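Overview (structure and organization)
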Amino acid sequence: VDIHFIHDTSSNNENGDENQKKLTTTTVVRASFSLVMHSSPIAESALRAIESSLVHCSNNSGLFGENVRSWMNTVTLSLLIRADCVRLFQQNTMSDNTDGISNKSNNIKLTNPKEVEDDGWYSLTVILLHLLLGSKGGEEEDGSRTTRSTEPTTNTELTSEKKSTKKPLSAWETLLQSDYHIQFSEGEGPILFGDADDGGLLNSDLSVDLALCKNDHSTGSSGHGDYDGMLSSLKCVQKLETENAAEEPIQSYKPCIFDALHLLHEDCRLVSQSRGSAWTRRLGTVLLHVSEQMTPRMIDFEDHYHRILGGSRCLSNACGSFSLHQLEDDKKHQRLSNFVVCPCIMTCLDTILQLDDIDYTDEDAAYGMAGYKDLIMESTTGSFGINGLCSSTWMILRIYSILFDRNNSSGLTTTQWQRDRAAIMAMLEEGIYHTMQLQDELPMGVLLPLLEAIRRCRLDPPQVDNSTREDEDCCCWPPAAFDLVGRNDLAEFLSRSKVQQGSSHGDHQANNNVHGTSSSSQDLDNVDGLLALEEYSSMIFPNDNRIREASHLLRSSHLLFLRVSRPVELSDHDYERSKQEKLLLLCRRSLSLPLGRGMLTLGTHDTLGGLSEQLLIPNIVLAGRVPPANGTLALDMSSCPPNFRVWPEFHNGVAAGLRLPPAASGADTNERTITRTWIKFNKPVTASVADNGNTNSGNQTPTTPSYAHGGFLMALGLRGYLSALTTTDLTDYLTQGNITTTAGIFIGMAANKRGSCDPSISKMLCLHVPSLLPPSFIPMDLASTVQASAVAGIGLLYQGSSHRLMTEFLLNEIGRQPMKDQNSNDREGFALVCGLALGIVNLEKGTSTVDGLEDLRIEERLHRYISGATTDGSEFHGRREGFEGTGGGGGGSQGGEMDRNSRIYEVNSLNRDITAPGATLALGLMYIKSHNVSIASSLQLPDTHFSLDYIRPDLLALRVISRSLILWNDIGGRHDAVDATIWIDEQIPSIVKNSINLMKNAAKRAMNMGNLSDTDPMEEHTNAEGDDNAAKQEITDFDPQAIRQANAFIIAGSCFALGLKYAGSANRAAASAIIERALWFLELRDNKDVVTLTQRPDNSTLITCLCTTAISLAMVMAGTGDLDSFRLFRALRWKCDDGTLYGTHMAFGAAIGLLFLGGGKCTLGTRSEDVAMLIAAFYPHFPVLSSDNQYHLQALRHLYVLAVHERILEACDVDSKEKVCIPIELSVANSNEPVQASTPFLIANNSEFVELQSKSDRYYPIVINAENWNSRGSLSTLFVKRKAGHLGYLQDPNGLRSLSMQTGSTDRQSFLKSIELFSDDAMLTSFSNNFCFSSFDDDQSFERFCSDIAHECMTEEKSEILPIYLKIFRLIESKGRKKVGVEDVWDAKLLRTYNERRERLRAGSSTASYLVNRETISLLCESIENAFHINETMILSMAHAEKWWENDQLGPFLVWSEVPIKCTAL
């Protein structure tokens, strides 16, 4: 409250004229003072309690009438009480220099003013006694009653006092004693203190004439001052009572004030640390004095205060000088309380703990909760109590009513765990976020039930649901609730999950890759990242060395082991040549390994500490180690083609770059960012500078990037970092780079901007496609791989956009005839890329859902590309020629001699061997998952031998794949149990099946011809000859080799479709079907029997189909590291001879890499865009040579990265931040058999897990809702909290080292070391250092006790109970030597009642949640019993004594014996 005073400066201008005087009076100086009692917290709290009570009562009943003026009068009274208190406090402060204060009524002589503990409380006590007990309080007739002097002094007196005491006056004192203040009070004062109708606060009759008071005190007319004339609040009450005399007597404000102070007194008993006995003693003294004056109507309050205070009162209080022996009898015997029985907060809490006892009656409950029952009802409904200041009482009553009331507000019976969790939420609403807030304030008996409720929730927390549901059924705790119960692991998990769900890139990992290595720690042996991968992945596969074996099979940076047997007759020259031949075969396989290594090490590098150095790219070692001397033998390059290392080095650079984690977004953006500077820093430097060893960075100028650096750039784009480069950087790379660098830039930037249709990237790509250049452009000689890379980039950039220009362009490019001789070698690959790009641009669209593309007749034209129809139609022909004319190689005359191909002439027919692969896949991607039967029927396999002869066998596999994409749900069958084997057989046309069976039967008959039998040889020969002739006639009706090839490719295509459908799902049925077919292909390759040979196609077809099935199996089991699949892949790759091509090694290496994708922490997705990337990456046609791009662009092999999802479920210790292994149990939907696993655990696609539970006694239990895991691309880290006394599974696999510490160890160092080893609790460690060992020899029992409780608290993870244990020990050990206080007795009584309730409701349940066992509580109660040395005779003598309360032992004894307080007869 601010009061403004006007300072008139006109008196300073005595000689001025009248106008000048008026001018000077308008100058004002404002001073303000605060009415807050900062120097007296108890007085401020009491004032707030009174204000809250008066306003609350006024709102409910109306203290001074039933209108707005009544509320205004109530507020005015509250303000005047505060103002009087502040004024008396100021005056008491000014009178501190008096010689002494006499107290005649109590014969107490306070010789020193400093004996008054609190001036503010003294002032408030004077006001309260006058308001509650009357206006003439104890004043003697001769006016000689002496109290603490409150009269202000005159200026002369102040001046003399100042000279004598050398104490300067404050500004406020000077202002109050100024002449201006007296004049202002007489003049403008009524505006401030006048009638409310005139804008003032009070009527002028009730205003305080401070000047008059000053003069009266100055003259010393009434000894030490007349409070009746000074207290504005008392005059206000007298005036209001006079005005309402005709109506009902107004006395309600007195019970409100008394009850407010009593409730504050009881609230101070709960806040024992910050308030405690100092506050209760002062409040109790005042309230007891008032109660004694109102005897016998308030004998219950008197008894209550006597029990608490005993013989100790606050002697410096004003109560001793205030008695009511002169009051009238009717006023003396009134009851100044609205409570029927004196409320006691401890009795109320003790009653709540006994509500579930069947022997506890309603009358007992009503008596025990007297005064607080209404507050309990209000706390359960959410409304506020009678006194807003008593927040501790409100909080405890609300929590206790929730925790121990079986019937909630709706009347439904609740279980204990429901009440516990509701109590935790109530604590959060009350502002309790840590148990220390409770331990610092609440008494021991009140605190223990709350701590045990928190412990029960810690041991059995609610299910964690990290979904975004906001319905009423979603009652998951917030992170703050888990922090409150000590489960910061679940709080961290929930917080990370919410951050990850808010990230725009939800498919990528949102967790830090702490398992990788940074480039600062790289060495020559770990440059490929496989050593660090083995260390981390050993947690995923702890039972064997499969990850180490996979790393060994895919490592290309070590010397090859070369063992060549030497016959005796072999010369040295021939032996060296044989070693070179063998080394060449091994190097061919080594060159193909980077693709698989990139899959294995995907995302395993940590960028947080490795951005200060280069990311080293490992070398592909083309040398062998020859035993027994282990000499090094280098490969002779003279027999190798010059470009045989171009694309292997490109794949090597991609593999190195893919070790980086994906670009993060949202909260993790700043944690994982790769800058343009770092990318430029990784650019290779001049070889001469490196050779000369010149370390001057100024001389290191960039040169043409290496082949590996081009792959590194593409990897950066696939991981989302290449967009950091500027346009000038891209231009520099494109002008100075080679083919691999250009291809890496194109595909990398397009992948980085996938689906964005970025115009700048589009211009860059279109500039390198001759068909999209204007005729005015100078013809550019671009390699076919560059054009194919640009077209692939266009497909990625415009993914799912159905861009008309690009759709029309790609549709025409599929059937474009060759223009120049140098670009005609890779026509098949270019047409395939155009088809894939067309399908990606129109992914899931189709012409039926896209407006503006109907006139293109995409399906019709794609069908022509597939079937090979002629282009006689003028419209189609003209449209095709139009695009050829605009491109034409970048300008020049149309159809010129320079633009014609001299080696290929196709007239007007389409070469379906060129156009069919891309068109088939484009049609499947456009209608993927659409189940369009009409489109699917156009891809039906031929049903006659005649039509089968006109289709190339490998195109049959593509038809099966595209048809399966359209009929997605039909893959594997429609039954619940996937019968993939039957589905594969159903894909084979009947003519192929019958022909294969016919050939098999003929082979079997041929095998049986040589077998002897018991039949007549002549008869057998005749029958055999007839059957053989019939078989020969049937076989001659078709081409057996075509049937074999068709059968093999159809089966391979079916396996590939299964791989796409169940990619990353680890579906055992699909995997078993694929393994069965792979073993069949392997049998065809290795066996030489007649029946096998009749089914065996040519070697090229067989190897292609075997590679396709291996890739298909790897897609299904991606990331799982399945042992059966791994054994199969290892057997397939073992063969290394002249017949094993580069592409074969690449396929088998990629299969192994997929099986351990990302070290076992990643898997593949099955969304439409994922399927498109998998088809582009694993297209079932593999290169013959390392430089082969004829049928498929090798750079596209890495697009699988865009379909990768990190779905590893990792557990991290929330305290140490280390990855840990814990056993978990995953509940499966519609199944009673849960899955038992251990973290880290890969959650496969299409998983049906609904709940996760931890199954470890070393970590706190967790329950997590897993229903939404299948819809999320990546999973959050599972944070766990280790129990004290246990070690992790990595440090102690068998649990032999846990709980190895002995109780009460005499070795200080070993004891403290065990504490630090098994627990990281700071409180427990500090307690052990300071209490368990001391330098005093006479304190052995205390040390032993501290050691025992330290061990117990460590093993049971309950360090929060240490203060309670210490207090219990103090109470037990102090018997007979120290008197027991009443609050200690209440603590013991509440503990006894709570223990009885626990035993009553336990019913055989576990006692793991008990913080203090029943034996300790029983020992405490026995100690309290023995502390009272009171017999029956002493009780009778004290009962008849006049002042029985002076015995400090009787009050605690009455409380412990549950003797009810005296009640006034109603």
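Residues numbered from 1 in each chain as written. Predicted model: local features only at pLDDT ≥ 70, side-chain atom pairs only at ≥ 80, totals over all residues. Heavy atoms only, no water.

Glancing now at the packing of aromatic side chains. Tallied over the entire structure, the rule returns 15 aromatic pairs. Centroid distance Tyr400 to Phe404: 5.2 Å. Interplanar angle 55 degrees. Geometry classified as tilted. Of this pair, Tyr400 and Phe404 are both found in helix H19 (residues 391-404), four residues apart, which corresponds to roughly one turn of the helix. Accessibility expressed as a relative area gives 1% for Tyr400, which makes it buried. Residue classification places Phe404 among the buried residues on the basis of a relative accessible area of 3%. In textbook terms, an aromatic cluster arises when at least three aromatic residues are bridged by ring pairs, as seen for Phe258, Phe301 and Tyr305. The positively charged end of Arg1130 is found above the aromatic ring belonging to Phe1126, 5.9 Å away from the centroid. Its guanidinium or amino end placed over the ring of Tyr1410, Arg1398 lies 4.0 Å from that ring's centre, counting from NZ or CZ. (Phe/Tyr/Trp six-rings, centres within 6.5 Å; stacked < 30°, edge-to-face > 60°. Helix = DSSP H or I, 4+ residues; strand = E, 2+ residues; numbered from the N terminus. Buried < 20%, exposed > 50% of the residue type's maximum accessible area, 1.4 Å probe, protein only. Lys NZ or Arg CZ within 6 Å of the ring centre and 35° of its normal.)

Overall, the prediction assigns the protein a mean pLDDT of 76, with 69% of residues at 70 or greater. The low-confidence segment residues 503-522, where pLDDT is below 50, has 68 contacts with residues more than four positions distant or belonging to other chains. Predicted confidence is poor over residues 666-671, with pLDDT under 50, and the contacts of this stretch with residues over four places away or in other chains come to six contacts. (pLDDT = per-residue confidence, 0-100. Contact = heavy atoms within 4.5 Å.)

This paragraph deals with helix H37 (residues 804-814). Summarising burial for H37: nine of the 11 residues are buried, a large majority. Along H37, the residues classified as buried are Met806, Thr807, Glu808, Phe809, Leu810, Leu811, Asn812, Glu813 and Ile814.

Let's shift gears to the pattern of salt bridges. For the coordinates displayed, the defined rule picks out 48 salt bridges. A salt bridge links Arg1398 to Glu452; the shortest N-O distance between them is 2.4 Å. Of this pair, Arg1398 sits in helix H59 (residues 1382-1402) while Glu452 is found in helix H22 (residues 444-459), placing the two residues 946 residues apart along the sequence. One exposure class covers both Arg1398 and Glu452, and it is buried. Between Arg566 and Asp572 there is a salt bridge, with its nearest N and O atoms 2.1 Å apart. According to the relative accessible area criterion, Arg566 is partly exposed, its value standing at 43%. One continuous salt-bridge network, built from bridges that share partners, spans Glu44, Arg48, Glu51 and Arg82. (Salt bridge = Lys/Arg side-chain N within 4 Å of Asp/Glu carboxyl O.)

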